[in-house]
Amino acid sequence: MNAKKIVVNMLSSSEKVKGQGVSGAYRELMCLLREKAQDQLIIKEKIFEKADVTHYHTIDPLFYLTTFFKKKTGRRVGYVHFLPNTLQGSLKIPPFLRGLVSWYVTSFYNRMDQLVVVNPSFIDDLVDHGIKREKIMYIPNFVNNDKWSPVSEEEKMAVRKQYGIAPDAFVVLGAGQVQKRKGVDDFAALAKKMPDVTFVWAGGFSFGAMTDGHERYKRLMENPPANLIFPGIVEAEEMRAFYSMTDIFLLPSYNELFPMTILEAASCGAAIVLRDLSLYQVILEGKYLPAKDVHEMEMVLADLAAHPEKVVDLRQKAGQISQEYSPEALLTIWLDFYKKQAALAR
């Protein structure tokens, strides 16, 4: 019976670094396949393991080396969570190394037999980097709706009390690594402009001093505006309570693929406001409010704070996000995908 199962070897180092979306996406997929696909797949997590399909979730140099052992890896599948240009504003990369980093990322993707993107709008970007369009497939992220669901009113109030947030305060939550690309500067600027609103940014320096602007953001976290709270990197269970107790989840990021935080927040019942990026129009159209800059974000948040009924309506729209990107919908897609890749490997 086991001989008929497809062996999928998952290679990822994302769990070594807390507070990053790649890790969240990896955990969600692993949990789904282990719980719902045991009758069809054998999941392994060991480098140089013989498999029908080797699924690369991160681009480690040692993983790159395995791509030259085709008899071991079987069909090579790469998960695209970033492009060379998205590293700018995230990590400190010396100018003389940027070309090398860009080459390495592109080379790694070119070593794959199949690439999976989490947002269809980035297919063209990959093609621009020399990747063949026919080997790129779109499969969106998803979250477990049982794990990411609203907490009780008591738990919401407990979190507010823990961080000194008034029970009736209008709370705007942001989440992700503290870095320029995530729009943390704009988030802090909004806090200064809106002293009657409580702002919370859940996240920290997942890559430590390598983070672009580390010293500047460290100073901000140590001396934030009075109405801006930095709890640091938050574990998943407490993060669920953060999403649930907030009024608005705001992600002012300048560059993304498909943030897990949006799916998590929507599944926990938060209303969603995002920077007006074209990539969201493709995957979340009509289910969030867009704002192009600090001025528009301020206007949108002020309007929502003044009209609770609009927040309720936006919460309902956000609920459609978690329904559309549910584990049930994605399980069938992933199983079909692995079956096709295994067949091509033979």
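Here the structure is a predicted model, which is why all the values come from computation and not from measurement.

J.: It is not clear to me how the packing of aromatic side chains should be interpreted in this structure. Could you clarify?
T.: The description of an aromatic ring pair rests on the distance of the ring centres and on the angle between the ring planes. Evaluated as defined, the whole model comprises 17 aromatic pairs. Aromatic pair Tyr243 and Phe249: ring centres 5.8 Å apart, planes at 75°, arrangement edge-to-face. Each of the two residues, Tyr243 as well as Phe249, counts as buried. Between Trp334 and Phe337, the aromatic rings sit 5.6 Å apart at their centres with planes inclined by 90°, giving edge-to-face as the arrangement. With Trp334 and Phe337 both in helix H14 (residues 327-345) and 3 residues apart, the pair spans about one turn of that helix. Under the relative-accessibility criterion, Trp334 is labelled buried at 0%. Here Phe337 falls in the buried class, since its relative accessible area comes to 3%. Directly above the ring of Tyr217 sits Arg216, whose terminal nitrogen or CZ lies 4.4 Å from the centroid. Lying over the aromatic face of Tyr254, Arg275 brings its terminal NZ or CZ to 3.8 Å of the ring centre.

J.: Whenever I open this one, the nonpolar core confuses me. Can you help?
T.: Looking at soluble globular proteins, one finds that nonpolar side chains tend to be buried together. Counting residues in each nonpolar core, the largest one holds 113 residues, and the members touching the most others are Phe199, Phe249, Ile272, Trp334 and Tyr338. In terms of residues, this core owes the most to one element, H14, which gives 7 residues.

J.: Sorry, what's going on with the sheet that holds strand E4 (residues 75-80) here?
T.: Consider a sheet: its strands pair through backbone hydrogen bonds, and that pairing is either parallel or antiparallel. Spatially, the 6 strands line up as an open sheet ordered E2-E1-E3-E4-E5-E6, and their pairing is parallel. One side of each edge strand has no neighbouring strand; the edge strands of this open sheet are strand E2 (41-44) and strand E6 (136-138). Neighbour-to-neighbour, the strand axes of the sheet open up by a mean angle of 25°, direction not taken into account. Examined bridge by bridge, strand E1 (residues 6-11) and E2 share 4 bridges and lie parallel to one another. Of the residues in E2, the one forming a bridge with Ile6 is Leu41. Seen against the sheet, H14 touches E1, E2, strand E3 (53-56), E4, strand E5 (114-117) and E6 and runs at an angle of roughly 140° to E4.

J.: Can you walk me through the pattern of salt bridges in this structure?
T.: It is possible for side chains bearing opposite charge to pair when their charged atoms get close. Summed over the entire model, instances satisfying the criterion amount to 16 salt bridges. Residue Lys317 pairs with Asp313 through a salt bridge whose shortest N-O separation is 3.5 Å. Linking Lys317 with Asp313, this pair stays in helix H13 (residues 308-324), spanning 4 residues, or about one helical turn. On the basis of relative accessibility, which here comes to 36%, the residue Asp313 falls in the partly exposed class.

J.: What is the right way to look at the sheet that holds strand E7 (residues 171-175) in this model?
T.: Here we have 6 strands laid out as an open sheet, ordered E9-E8-E7-E10-E11-E12, and parallel in their pairing. Strands with a single pairing partner mark the edges of an open sheet, and in this sheet they are strand E9 (228-232) and strand E12 (289-291). Going across the sheet, the axis of each strand differs from the next one's by a mean of 25°, ignoring polarity. Pairing of strand E11 (residues 271-275) with E12 involves 3 bridges; the strand directions are parallel. By the bridge assignment for E12, Leu274 is matched with Pro290. Against the sheet, helix H7 (residues 184-193) contacts E7, strand E8 (198-202), E9, strand E10 (248-251) and E11, and its axis sits at roughly 160° relative to E8.

J.: Would you mind going over the pairing of E1 with me for this structure?
T.: Two faces belong to every sheet, and in a regular strand the side chains alternate between them. E1 sits mainly inside the fold: 6 of its 6 residues count as buried. Along E1, one buried face is formed by Ile6, Val8 and Met10 and the opposite face, lined by Val7, Asn9 and Leu11, is buried too. Sheet analysis places E1 next to E3, joined by 4 bridges and oriented parallel. Following the sheet pairing, Val8 is matched in E3 by Val53.

J.: Whenever I open this one, H13 confuses me. Can you help?
T.: Think of an α-helix as turning once every 3.6 residues; residues three or four places apart then point the same way. For H13, which comprises 17 residues, the first-to-last C-alpha distance of 25 Å matches the rise-based estimate of 24 Å (1.5 Å per residue) to within 8%. Among the residues of H13, Val311, Leu314, Ala318, Gly319, Ile321 and Ser322 are the ones counted as buried. Down the axis, H13 shows its buried residues gathered within 160° of arc, on one side only. Residues of H13 that are exposed and point more than 90 degrees away from the buried face comprise Gln316 and Gln323.

Each value, and the rule that gives it
Residues numbered from 1 in each chain as written. Predicted model: local features only at pLDDT ≥ 70, side-chain atom pairs only at ≥ 80, totals over all residues. Heavy atoms only, no water. Phe/Tyr/Trp six-rings, centres within 6.5 Å; stacked < 30°, edge-to-face > 60°. Buried < 20%, exposed > 50% of the residue type's maximum accessible area, 1.4 Å probe, protein only. Helix = DSSP H or I, 4+ residues; strand = E, 2+ residues; numbered from the N terminus. Lys NZ or Arg CZ within 6 Å of the ring centre and 35° of its normal. Core = buried A, V, L, I, M, F, W, Y, C linked by side-chain atoms within 4.5 Å. Pairing = 2+ DSSP bridges. Axes fitted to C-alpha atoms, helices over the stretch in contact; angles between N-to-C directions. Contact = heavy atoms within 4.5 Å. Salt bridge = Lys/Arg side-chain N within 4 Å of Asp/Glu carboxyl O. Expected span 1.5 Å × (residues − 1). Arc of directions from axis to C-beta.

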